[in-house]
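# Tertiary structure, described
For reference, the chains in residue letters:
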Amino acid sequence: MTAILQAQSLGKRYGRRQALAECTLEIPPGHVVGLVGPNGAGKTTLLKIACGMLVPTTGRIEVLGEQPAASPAQLARVGYVAQDTPTYANLSVADHLKFGAKLNPRWDAKLAQARIEQLDLDPKQKAGKLSGGQRAQLALTVAVAKRPELLILDEPVASLDPLARRGFLRHLMESVAENDTSVILSSHLVSDLERVCDYLIVLVSSRVQLAGETEDLLAQHHRIVCTRRKDTDLPPELEVIWAEHTDRQSTFFVRSESGVPAGDWSAEHLDLEDLVLTYMERGADPGRRPKTQTARETEEAQAVQAADTTGDAR
Amino acid sequence: MIEFHLDTRSGVAPYLQIVGQVRQALLLGLLSEGDKLPTVKEVVAKVAINPNTVSKAYRELEHAGLAAAKPGVGTFIIRSLGQASLAEHGPLQQELRAWLAKARAAGLTEPGIEALFSRTFRESAEEEK
């Protein structure tokens, strides 16, 4: 089976602003992919490129084995729900379905109808009069009834209350189970994604910081707490992602394929939220990673020197 | 039919939570031989989790010889773990009691015992994987 999305050195520049840089990804099929990152990280840019609404400045991308929006056939295979799940305020629920049927060759009218009934939406109601949760469900219904192989959703639950959020994700997961659809959805909150995603991409400051199957990522990452030491004092098979030191304690976030060997430290798995936040912190402040003791010692040495100089002056 | 729930703060992998809930339901007699488990679609429409998680849990149950999939029909329980099986583990329970007495004698309080148990439990489950 072809990859959901394959990107090589993908980049997008708006004037002088680099919105996406050096983005290389290969997402295997059959996944629900979570794209996480702070606001302004480039999530929307990546998703818009993936569905063909934006043309990249550099690099290459294939979605389901074809260039995005290369042909009407490719467009029919990808469904896209833009940020805040937009609908047409002056059109009724039924109009939305009619619209969908006219514009999409693979439209599944039965599925759309069943879903509207299940959601208890009045077909005559104008979309502008629906609640936020209902509007999001309507947008999802239209996208799902198009019968895409890949559904791309940009921050679909960001503006919903917790109950509507849960309802939306249920509906989405049901569609995935029913139609074997692959999904890419973005969010700035990990908690929205951890139940539903089995593949994770962390995007910070226009760069991909981390990508992989959620289960593997969770198995590979540990938090190590020990007496203060340099990261070079840890076994070489541990890749230090982030380090924090107090005057006597060191905390390392490490990645290792083979697990953490026993030693004079305590090691525990990270949960998804800690994992993502660590990579976000690192991505937002690349100059600080990992803060080695050597750097600190230099600072301290300089401080001592400065103190000495003052002493001499006296 | 039983329903599943998910605790995202427990640190236990979601698919293992489902496996655990089926085992528990078997032990409690909520499920027995011949009962049908909810379909993947039914579970995800209720719990809002990834369908692969449910499939993986069901495969694990099949692997453990507790359930079997009938293609196109669903997944069924093929073995009962009624009250009898808890009684069968009497000697194990005795040992656990003895261990608990030792832990208290060593000065461990209840939260301490719980923390020690769940940590050891998790570590040993991971080693066995």
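Parameters at a glance
Residues numbered from 1 in each chain as written. Chains lettered and ligands numbered in written order. Predicted model: local features only at pLDDT ≥ 70, side-chain atom pairs only at ≥ 80, totals over all residues. Helix = DSSP H or I, 4+ residues; strand = E, 2+ residues; numbered from the N terminus. Buried ≥ 20, exposed ≤ 12 C-beta atoms within 10 Å, placed from the backbone. Contact = placed C-beta atoms within 7 Å. Domains from an automatic or database assignment. Nonpolar A, V, L, I, M, F, W, Y, C, P; charged D, E, K, R; others polar. Pairing = 2+ DSSP bridges. Axes fitted to C-alpha atoms, helices over the stretch in contact; angles between N-to-C directions. Parallel < 35°, antiparallel > 145°, perpendicular 65-115°, else oblique. Left-handed = near helix turned anticlockwise from the far one by under 90°. Arc of directions from axis to C-beta. Core = buried A, V, L, I, M, F, W, Y, C linked by C-beta atoms within 7 Å.

## A look at the overall build of chain B
Scanning chain B from N- to C-terminus turns up six helices and two strands. Projected onto the principal axes, the alpha-carbon positions of chain B cover approximately 55 × 35 × 25 Å. Expressed as a percentage of its 129 residues, the buried residues of chain B come to 22%. In chain B, the proportion of contacts linking residues at least 24 apart, taken out of those at least 6 apart, comes to 58%.

## A short note on the domain arrangement of chain A
Residues and elements named next belong to chain A. Here chain A is partitioned into domain 1 (5-204) and domain 2 (220-298). Centre-to-centre, using C-alpha coordinates, domain 1 lies 35 Å away from domain 2. Of the residues in the side of domain 1 that touches domain 2, the class split is five nonpolar, one polar and one charged.

## Some points on the sheet that holds strand β4 (residues 58-63) of chain A
Residues and elements named next belong to chain A. Strand order in the open sheet formed by three strands is β2-β1-β4, and the pairing between neighbours is antiparallel. With partners counted over all chains shown, the strands left at the sheet margins are β2 (17-27) and β4, one partner each. Put simply, the sheet's adjacent strands are angled 25° from each other on average, direction ignored. Across five bridges, strand β1 (residues 5-14) lies against β4 in antiparallel orientation. Bridge pairing in β4 places G11 opposite T58.

## Examining the interface of chain B and chain A
Facing twelve residues of chain B, the contacting portion of chain A comprises 15 residues. At the level of secondary structure, the elements contributing two or more residues to the side of chain B that touches chain A comprise α2 (40-47) and α3 (51-63) of chain B. At four residues, α2 of chain B tops the list of elements feeding residues into the side of chain B that touches chain A.

## Looking at the environment of K12 of chain A
All names here are of chain A. With respect to the helices, strands and loops of the structure, K12 is situated in strand β1. C-alpha separation for the pair K12 and E281, spaced 269 residues apart in sequence, amounts to 23 Å. Contact partners of K12, with chain neighbours within four places excluded, come to A19, L20, T45, I49, L54, P56 and T57.

## Digging into the packing of helix α1 (residues 14-27) of chain B against α3 of chain B
All names here are of chain B. Close contact between α1 and α3 brings their axes to 8 Å; oriented N to C, the two are set at 50°. Put simply, α1 runs oblique to α3. For α1 against α3, the interelement crossing comes out right-handed. Residue-level contacts link P14, Y15, I18, V19 and V22 of α1 to T53, V54, K56, A57, E60 and L61 of α3. By residue class, the composition of the contact of α1 with α3 is eight nonpolar, one polar and two charged.

## Re the environment of A109 of chain A
Residue and element names in this part refer to chain A. In this fold, A109 is placed in helix α4 (residues 109-118). A count of 12 C-beta atoms within 10 Å places A109 in the exposed class. Between the C-alpha atoms of A109 and L97, which are twelve residues apart in sequence, the distance is 7.7 Å.

## A short note on α4 of chain A
Residues and elements named next belong to chain A. Every buried residue of α4 is accounted for by A112, R115 and I116. Summarising the axial view, the buried residues of α4 lie within an arc of 100°, below the 170-degree limit, and thus occupy one face. Facing away from the buried surface of α4 by more than 90 degrees, the exposed residues are K110 and E117. Against the buried residues of α4 lie α3 (93-103) and α5 (132-145). One or two positions beyond α4, positive phi appears at D120, with a value near 65°.

## Thoughts on the nonpolar core
Buried together is how nonpolar side chains tend to be arranged in soluble globular proteins. Core analysis: the largest hydrophobic core is formed by 107 residues, its most contacted members being V33, A50, I152, M173, V183 and V202 of chain A together with V44 of chain B. Element by element, the count of residues in this core is highest for α5 of chain A, at eight residues. Once residues lying within four places of it in the same chain are set aside, the contact partners of M173 of chain A are V196 of chain A together with V44, A45, A48, I49, N50 and P51 of chain B.

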